[in-house]
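Here is how the chains run, residue by residue.
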Amino acid sequence: DIQTVGDSLVYLEKDSMIRCYGQPILWNDNQQIAADSILVFLANEEVEHAEGLGNAFACQMQTDEFFNQMSGKEIIAYMDSGNIKEVLVKGNAETVYYPKDDNGKYTGVNKTQSSFVRIFIENEEIKRILFTTATTGTMYPLKDMPPQKANLSAFFWASGERPADKDDVFREVTHQQRKATVVSATSEQDEEEKAAKEKKEKDKRKKSSNKGQLKSK
């Protein structure tokens, strides 16, 4: 149901947990999760959920060109019958999502920033997304999507590293170079907060100046 790679793996039977370290990556169907470390929790010999901790990034392949993407400090993927059914993104959550209309045609690209995101998945398709109230986002028509905004800064798709079968686990792979997701998300958020604060101060000074002019008249 899942495949993982990493520099090291530790399994403790007493707590039914697999710990993956050293640029680990986890795959399930058309979905990929990467982080500084990944914890896989087992129940009744099946994967119950997986946690990506630190610089977490997840993506879902829609086509060779379109990938739904999420990044944050932490990503938790809950599984049912071997498939990812729900994903939580915590801390500096960023998403790139390609919604479809009722006919299955892509309608645009939705790019958001939030502190927390909950995503529900059915039949390998995103069906619903919940954001915190303090969420900023932009919906672009496909033809108007700036190329530099089509992917998150941490985006990578490591299909070449994915084990194909049980014998493939002994194959040595070279990790793709990754970018830190939290640093990118934080810096972009800080810039937006700085710009908003400067605008607020500017409006405040302008309002104060207008009041002074009215009094002098």
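Conventions adopted
Residues numbered from 1 in each chain as written. Predicted model: local features only at pLDDT ≥ 70, side-chain atom pairs only at ≥ 80, totals over all residues. Heavy atoms only, no water. Helix = DSSP H or I, 4+ residues; strand = E, 2+ residues; numbered from the N terminus. Buried < 20%, exposed > 50% of the residue type's maximum accessible area, 1.4 Å probe, protein only. Contact = heavy atoms within 4.5 Å. Areas by Shrake-Rupley, 256 points an atom, 1.4 Å probe, with all protein chains shown as cover. Patch = residues over 30% accessible without salt bridge, like charges linked within 9 Å, V, L, I, M, F, W, Y side chains within 5 Å. Salt bridge = Lys/Arg side-chain N within 4 Å of Asp/Glu carboxyl O. Phe/Tyr/Trp six-rings, centres within 6.5 Å; stacked < 30°, edge-to-face > 60°. Lys NZ or Arg CZ within 6 Å of the ring centre and 35° of its normal. pLDDT = per-residue confidence, 0-100.

Focus: the overall build of the protein chain
- Across its full length, the protein chain holds one helix and 12 strands.
- Starting at the N terminus, the α and β elements of the protein chain follow one another as β-β-β-β-β-β-β-β-β-β-β-β-α.
- Out of the 217 residues belonging to the protein chain, those deemed buried represent 40%.
- For the protein chain, long-range pairs separated by at least 24 residues make up 47% of all intrachain contacts whose partners lie at least 6 apart in sequence.
- A total accessible area of about 13,100 Å² is found for the protein chain, and carbon and sulfur atoms account for 48% of it.

Let's talk about unusual backbone geometry
- Even without a glycine there, the phi angle at glutamate 45 is positive, about 65°.
- If you trace the backbone, glutamate 45 turns up in the loop between strand E6 (37-43) and strand E7 (46-61).
- With a phi angle near 50°, asparagine 123 is a residue other than glycine that sits in the positive phi range.
- Structurally, the position occupied by asparagine 123 is in the loop between strand E10 (109-122) and strand E11 (125-131).
- According to the relative accessible area criterion, asparagine 123 is exposed, its value standing at 69%.

A closer look at a nonpolar patch on the surface
- A contiguous nonpolar patch, built from Val10, Leu12 and Tyr21 and spanning about 210 Å² of accessible area, is present on the exposed surface.
- Note that valine 10 resides in strand E2 (residues 8-12).
- Here valine 10 falls in the partly exposed class, since its relative accessible area comes to 36%.

Examining the packing of aromatic side chains
- Counted under the stated rule, the structure contains seven aromatic pairs.
- Arranged with centres 5.0 Å apart and planes meeting at 75°, the rings of phenylalanine 66 and tyrosine 106 form a pair that is edge-to-face. Taken as a pair, phenylalanine 66 in the loop between E7 and strand E8 (67-80) and tyrosine 106 in the loop between strand E9 (83-97) and E10 lie far apart in primary sequence, 40 residues in all.
- For tyrosine 106, a relative accessible area of 16% puts it in the buried group.
- We note arginine 128 situated over the ring of phenylalanine 120; from NZ or CZ to the ring centre the distance is 4.3 Å.

Focus: the confidence of the model for the protein chain
- This prediction gives the protein chain a mean pLDDT of 82; 80% of its residues lie at or above 70.
- Low confidence marks residues 182-190, where pLDDT is under 50. Its contacts with residues over four positions away, or in another chain, come to 11 contacts.

Considering the environment of asparagine 110
- Of note, asparagine 110 is situated in strand E10.
- In the structure, asparagine 110 is positioned 12 residues away from tyrosine 98 in sequence and 6.3 Å away in space, judged by C-alpha atoms.
- Filtering out sequence-adjacent residues up to four positions away, asparagine 110 remains in contact with Thr95, Val96, Tyr97, Pro99, Thr138 and Met139.

Considerations on the pattern of salt bridges
- According to the stated counting rule, one finds four salt bridges in the structure shown.
- With its nearest N and O atoms 3.4 Å apart, the salt bridge here joins aspartate 15 to arginine 19.
- What makes aspartate 15 partly exposed here is its relative accessible area of 29%.
- Between lysine 100 and glutamate 125 there is a salt bridge; the shortest N-O distance is 3.1 Å. Remark: glutamate 125 occurs in strand E11 and lysine 100 occurs in the loop between E9 and E10; sequence separation between them is 25 residues.
- Taking the relative accessible area as the measure of exposure, lysine 100 reaches 34% and is therefore partly exposed.

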